[in-house]
Amino acid sequence: MKLDSAGLQVLSHQECMRLLATAPIGRIVFTDRALPAVQPVNFHLEGEDIVIRTTAGSKLAAATRRTVVAFEIDDFDPAQRTGWSVTAVGHARAVDDPAEAARLAGLPLTPWAPGERDHFIVIAAEQVSGRRIGGG
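Being a predicted model, the structure only gives us computed values, none of them experimental.

About the criteria used
The residue numbering used here restarts from 1 in each chain and proceeds along that chain's sequence as written. It should be noted that, the model being predicted, local features are given only for residues of pLDDT at least 70 and side-chain atom pairs only at 80 or more, the latter also being counted only at that level, while totals for whole chains, interfaces and linings use all residues. Side-chain measures here rest on the full set of heavy atoms in the structure, leaving out hydrogens and waters. Starting at the N terminus, helices and strands are each numbered in turn, a helix being any DSSP run of H or I of at least four residues and a strand any DSSP run of E of at least two. For the radius of gyration, the atom set is restricted to C-alpha positions; the globular benchmark scales as 2.2 Å times the number of residues to the power 0.38. Note on contacts: a residue pair is in contact if any heavy atoms of the two residues lie within 4.5 Å. Shrake-Rupley sampling with a 1.4 Å probe provides the accessible areas, and residues are treated as covered by the protein chains on show and by no other component. Positive charges are assigned to Lys and Arg, negative charges to Asp and Glu, while His and the chain termini are left out of the count. By convention, the charge on Lys lies at NZ, on Arg at CZ, on Asp at CG and on Glu at CD. Partly exposed describes any residue whose relative accessible area lies between the buried limit of under 20% and the exposed limit of over 50%, with all areas from a 1.4 Å probe on protein chains only and scaled to the type maximum. Salt bridges, as used here, are contacts in which a Lys or Arg side-chain nitrogen is within 4 Å of a carboxyl oxygen on Asp or Glu.

Colleague: Go over the overall build of the protein, please, and point to the residues and values.
Modeller: Summing up its helical and strand segments, the protein has three helices and eight strands in all. In sequence order, the protein lays out its α and β elements as β-α-β-β-β-α-β-β-α-β-β. Scaling as 2.2 N^0.38, a compact globule of 136 residues should have a C-alpha radius of gyration of about 14 Å, and the protein matches this with 16 Å. C-alpha extents for the protein along the principal axes are approximately 45 × 35 × 25 Å. Long-range pairs, those at least 24 residues apart, make up 67% of the contacts in the protein between residues at least 6 apart in sequence. Surface accessibility of the protein: about 7,700 Å² in total, with carbon and sulfur atoms responsible for 54%. Computed over 14 positive and 16 negative side-chain charges, the separation of the two mean positions in the protein equals 4 Å.

Following this line, the structure appears as structure tokens:
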């Protein structure tokens, strides 16, 4: 087991991708008016791509066109003092192709927020890293 300088277990790429596939909610980090912004989103992992469903006119949709973003998920048990965190960094793109949008609409990705969500953002997970503390 590889440990980082803080004594946390370094997760393998495979373990990071497995954990990404298990989480229903993540946080996307993007730039909004030259400042960092974080927004919770539900998502679906398709291969090594993170798929988010939003509205075409949203701040998130506008801010993530052909930009580098970060995406983070985690799970913690405060009572046991265990947990893990996975971060992915990559280029985000808006899905403009109607055939691809129709295919993505068939994914098990139902938005939690109210309203129409017919716009897809795909993040290519180009750099993935994760850490675990405790036995969890």
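Colleague: Can you tell me about helix α1 (residues 13–20), naming the residues and giving the values?
Modeller: Helical geometry: 3.6 residues make up each α-helical turn, so side chains three or four residues apart lie on a common side. All buried positions along α1 are accounted for by Glu15, Cys16, Met17, Leu19 and Leu20. Packed against the buried residues of α1 are β3 (35–46), β5 (67–77), β6 (82–94) and β8 (127–133).

Colleague: Explain the pattern of salt bridges to me, using residue names and the numbers behind them.
Modeller: The tally for this structure, following the rule as stated, stands at 10 salt bridges. Note that Asp4 is salt-bridged to Arg131, the shortest N-O span being 3.0 Å. Remark: Arg131 occurs in strand β8 and Asp4 occurs in the segment before β1 (9–10); sequence separation between them is 127 residues. Of the charged contacts, one joins Arg18 and Glu15 as a salt bridge, the two residues approaching to 2.8 Å between their closest N and O atoms. Note that Arg18 and Glu15 are positioned in helix α1 at a spacing of three residues, about one turn of the helix.

Colleague: Mind laying out the environment of Arg65, listing which residues take part and the relevant values?
Modeller: Among the secondary structure elements, Arg65 is positioned in the loop between α2 (59–63) and β5. Residue classification places Arg65 among the partly exposed residues on the basis of a relative accessible area of 36%. Each C-alpha atom of the pair Arg65 and Phe120 lies 11 Å from the other, and the pair is 55 residues apart in sequence. Beyond its immediate sequence surroundings of up to four residues, Arg65 is in contact with Ala92, Ala94, Asp96 and His119.

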